[in-house]
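What follows is each chain in one-letter form.
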Amino acid sequence: MTTYKLFLLAGDGIGPEVMAEVEKIIRHFASEGVAKFEIEKGLVGGSAYDAHGAAISDADVKRAADADAVMFGAVGGPKWDGVPYDVRPESGLLRLRKDLGLYANLRPAICYPALAAASSLKREVVEGLDIMIVRELTGGVYFGEPKQIIDLGNGQKRAIDTQVYDTYEIERIGRVAFDLAKRRGNKVTSADKRNVMKSGVLWNEVMTALHAREYPDVKLEHQLADALGMQLVRWPKQFDVIVTDNLFGDMLSDVAAMLTGSLGMLPSASLGDADPKTGKRRALYEPVHGSAPDIAGRGMANPIAMIGSFGMALRYSFGLNQAADRLEKAIAEVLAEGLRTADIKSEGSRVVSTAEMGDAIVAELAQQAAESVTDEEN
Ligand code: NAD
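For clarity, every value in this text was computed on a predicted model and none was experimentally measured. (Residues numbered from 1 in each chain as written. Predicted model: local features only at pLDDT ≥ 70, side-chain atom pairs only at ≥ 80, totals over all residues. Heavy atoms only, no water.)

1. With respect to the site of the ligand
Part 1: Around the ligand, the surrounding shell holds 21 residues, and the nearest of these are Glu 90, Gly 290, Ala 292, Asp 294 and Asn 302.
Part 2: Between Asn 302 and the ligand, the recorded distance is 2.8 Å, taken from a backbone N or O atom to a nitrogen atom.
Part 3: Considering the ligand on its own, with 800 Å² of exposed area, one finds that the protein chains cover 67% of that surface.
Part 4: Tallied by class, the residues present in the shell around the ligand amount to 10 nonpolar, 7 polar and 4 charged. (Near = heavy atom within 4 Å. Polar contact = N/O pair within 3.5 Å; in protein donor to acceptor, adjacent residues only side chain to side chain. Areas by Shrake-Rupley, 256 points an atom, 1.4 Å probe, with all protein chains shown as cover. Nonpolar A, V, L, I, M, F, W, Y, C, P; charged D, E, K, R; others polar.)

Structure follows, in structure tokens:
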């Protein structure tokens, strides 16, 4: 049986609470013999700062680099508002992204039928929605130089950010999107602003050439990023995989997130290059939400975003697609039965704690396993 090395960085606030539920899922899959999981744990964010004055230690960055997948909870909270800028809790996550070369951010937006009513859009627009936004994460205007505010000396200042992309950066994020599409609905929509930005012209050219050269069987379409924003709220089901740069991806993925309801439901993955020898990609999986200090320590947090992030690890780091499908089905089933954490409660639902939600998902997985044994016996 294959052994997978998981490095858990629970972080602060509700991070440890939701990570505890992922550990239950890991233990369950291990007990079924799906795979063996070797688990190490480290500190990140405020808890790491309290322990050793940095948002993550060098030793933990190395452990993260050596793992098959990093599971990341959340960092930050008012306790650390006053710490120096370079050791603030978020810098632990930024260092991991940089040192592990995590340039592709994957955010699925899936609407579970049981939660369609929680969306601000009409049920028919979002029910059954399953799209994936692939955002370039390490380049573009957030990192380009020069990046400065200049005093012009006449009472005016000038702020400069630089949007910059090289061919290789566009090609590698494009490959992630096309490879994903091949395993899903076989369609990629690339978003840029080629009508007003040179970086958009290059983005468009490189995507078009990559498609013709390496992925002619995948359908590619281009949309201007602003128009795509409109289409996302008009008829999101037209999309399968959307690929775009860091800035547009930041915004469009937040829009897509809200199509499906609560922050507590949204998983994500950040991937780096595949090792040419082993094919293994560096990978970090984390919920989209933060440390939610307002509800931390009260057993109220929704663990589904964190558990869904582990589902992405099963699929994208370990290739355990059947286990990932089962986990998604178990989540859908528990929601269909009316169990809800407080953030997604609705009329007629039963409000449960973080731990009860995790237990219910494990129980559902156990039931699936029992049913498949019965099926085989019959
Ligand atoms: P947040 O995501 O922590 O919380 C926003 C709101 O959503 C809160 O009302 C919270 O209670 C609710 N919420 C979030 N996750 C939930 C869950 N799983 N279940 C139920 N409700 C949930 O964002 P914020 O309040 O802007 O930030 C709080 C702290 O988290 C800050 O220190 C911020 O810097 C940090 N943060 C960290 C990350 C990260 O670790 N990747 C991301 C965003 C914010």
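There's more to say after this.
2. What about helix α9 (residues 246-259)?
Part 1: If you check α9, its first and last C-alpha atoms are 20 Å apart, about what 14 residues at 1.5 Å a residue would give, namely 20 Å.
Part 2: Burial in α9 covers these residues: Asn 246, Phe 248, Gly 249, Leu 252, Ser 253, Ala 256, Ala 257 and Leu 259. Angular distribution of buried residues about the axis of α9 spans 160°; they occupy a single face of the element.
Part 3: Where α9 starts, the residue carrying a side-chain oxygen 3.2 Å from the main-chain nitrogen of Leu 247 turns out to be Asp 245.
Part 4: In the segment just after α9, Gly 261 is the residue with positive phi, at about 110°. (Helix = DSSP H or I, 4+ residues; strand = E, 2+ residues; numbered from the N terminus. Expected span 1.5 Å × (residues − 1). Buried < 20%, exposed > 50% of the residue type's maximum accessible area, 1.4 Å probe, protein only. Arc of directions from axis to C-beta.)

3. Describing the packing of aromatic side chains
Part 1: Applying the stated criterion across every chain yields a total of 6 aromatic pairs.
Part 2: On the numbers, 6.0 Å between centres and 65° between planes, the contact of Phe 37 with Phe 310 is edge-to-face. Pair noted here: Phe 37 is in strand β2 (residues 36-42) and Phe 310 is in helix α10 (residues 304-316), with a separation of 273 residues, a long-range link.
Part 3: Given the relative accessible area of 14%, Phe 37 is considered buried.
Part 4: Grouping aromatic residues by their ring pairs yields a cluster made of Tyr 4, Phe 37, Phe 310 and Phe 318.
Part 5: A cation sits over an aromatic face here: Arg 88 above Tyr 85, 3.9 Å from the ring centre.
Part 6: Arg 172 extends its terminal NZ or CZ atom over the ring of Tyr 103, reaching a point 4.0 Å from the ring centre. (Phe/Tyr/Trp six-rings, centres within 6.5 Å; stacked < 30°, edge-to-face > 60°. Lys NZ or Arg CZ within 6 Å of the ring centre and 35° of its normal.)

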